[in-house]
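# Understanding the architecture of this molecule
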Amino acid sequence: QVQLVESGGGLVQPGGSLRLSCVASGRIRKIYEMAWYRQTPGNERELVARIVDFGSPTYSNAVTGRFTLSGGNAKNTLVLQMNNLKLEDTAVYYCYVKEGPLWSLTPQPYWGKGTQVTVSS
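Heads up: these notes are all about the structure in this document. Since this is a predicted model, take the numbers as computed values, not measurements.

Calculation rules
- Residues numbered from 1 in each chain as written.
- Predicted model: local features only at pLDDT ≥ 70, side-chain atom pairs only at ≥ 80, totals over all residues.
- Heavy atoms only, no water.
- Helix = DSSP H or I, 4+ residues; strand = E, 2+ residues; numbered from the N terminus.
- Buried < 20%, exposed > 50% of the residue type's maximum accessible area, 1.4 Å probe, protein only.
- Contact = heavy atoms within 4.5 Å.
- Disulfide = S-S within 2.5 Å.
- Salt bridge = Lys/Arg side-chain N within 4 Å of Asp/Glu carboxyl O.
- Pairing = 2+ DSSP bridges.
- Phe/Tyr/Trp six-rings, centres within 6.5 Å; stacked < 30°, edge-to-face > 60°.

### Some thoughts on the environment of P107
As for its placement among the helices and strands, P107 is situated in the loop between β9 (91-100) and β10 (108-111). Judged by relative accessible area, P107 falls into the buried class, the value being 18%. Through-space distance from the C-alpha of P107 to that of A49 is 19 Å; in sequence the pair is 58 residues apart. Sequence-distant contacts of P107, that is, excluding residues within four places in its chain, are made with Y32, K98, E99 and G100.

### Considering the state of the cysteines
Taken as a whole and judged by the stated rule, the model has one disulfide. Across a sulfur-sulfur distance of 2.0 Å, C22 and C95 are joined as a disulfide pair. On the sign convention where negative is left-handed, the bridge of C22 and C95, at about -80° about the S-S bond, is left-handed. In this pair, C22 is assigned in strand β3 (residues 18-26) and C95 in strand β9, connecting sequence segments 73 residues apart.

### Considering the pattern of salt bridges
Under the counting rule described, the total for this entry stands at six salt bridges. The partner of E99 in a salt bridge is R29, and the shortest N-O contact between them spans 2.8 Å. Placement of E99 in strand β9 and of R29 in the loop between β3 and β4 (30-39) is noted, with a sequence separation of 70 residues between them. Here R29 falls in the partly exposed class, since its relative accessible area comes to 39%. Between D89 and R66 there is a salt bridge, with its nearest N and O atoms 2.7 Å apart.

### Considerations on the pairing of β9
Among the 10 residues of β9, eight are classified as buried, and the element is accordingly described as predominantly covered. Note that β4 and β9 share nine bridges and pair antiparallel. Looking at β9, one finds that M34 is bridged to V97. Alignment of β9 against strand β11 (residues 115-119), held across three bridges, turns out to be antiparallel. Within β11, the position partnered with V92 by the bridge is Q116. The pairing of β9 with β10 spans four bridges and is classified as antiparallel. Residue pairing for β10: Y96 is matched across the bridge by W111.

### Side note on the packing of aromatic side chains
Going through the model one piece at a time under the given rule, you end up with four aromatic pairs. Each ring, one from Y37 and one from W111, has its centre 5.0 Å from the other, and the planes form 65°; the classification is edge-to-face. Of this pair, Y37 sits in strand β4 while W111 sits in strand β10; the two residues are 74 residues apart in sequence, bridging distant segments of the chain. What makes Y37 buried here is its relative accessible area of 17%.

### Regarding unusual backbone geometry
Not every positive phi belongs to a glycine, and N84 is a case in point at roughly 50°. Along the polypeptide, N84 turns up in the loop between β8 (77-82) and β9. Here N84 falls in the partly exposed class, since its relative accessible area comes to 42%. We note that W103 has phi near 65°; this positive angle belongs to a residue other than glycine.

This is how it looks when you write it as structure tokens:
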């Protein structure tokens, strides 16, 4: 089992910044992917940013140029630096990890419990 602990959410004004962290612990063999998703009431969870294996981070169009993903699979820690926050960034943000044995074709997905980010004036 893998546990994910998120931190760093909160209330911020438009244009402000927040930094979200996710630490993975437990029985970790190989992490294949780490990502941040977000969800607002009544909507599906959407991908914000991800790192697959040792590749470069990729971002959704909505956050490109404002959010920066760092850390990743080798460090078991994922940090999302969010700058120039907008009202529409308000959501619960979830850490996501895929973990499994080496050379696994079906790594197991894990989710954190989520952290609330509220952008409001």
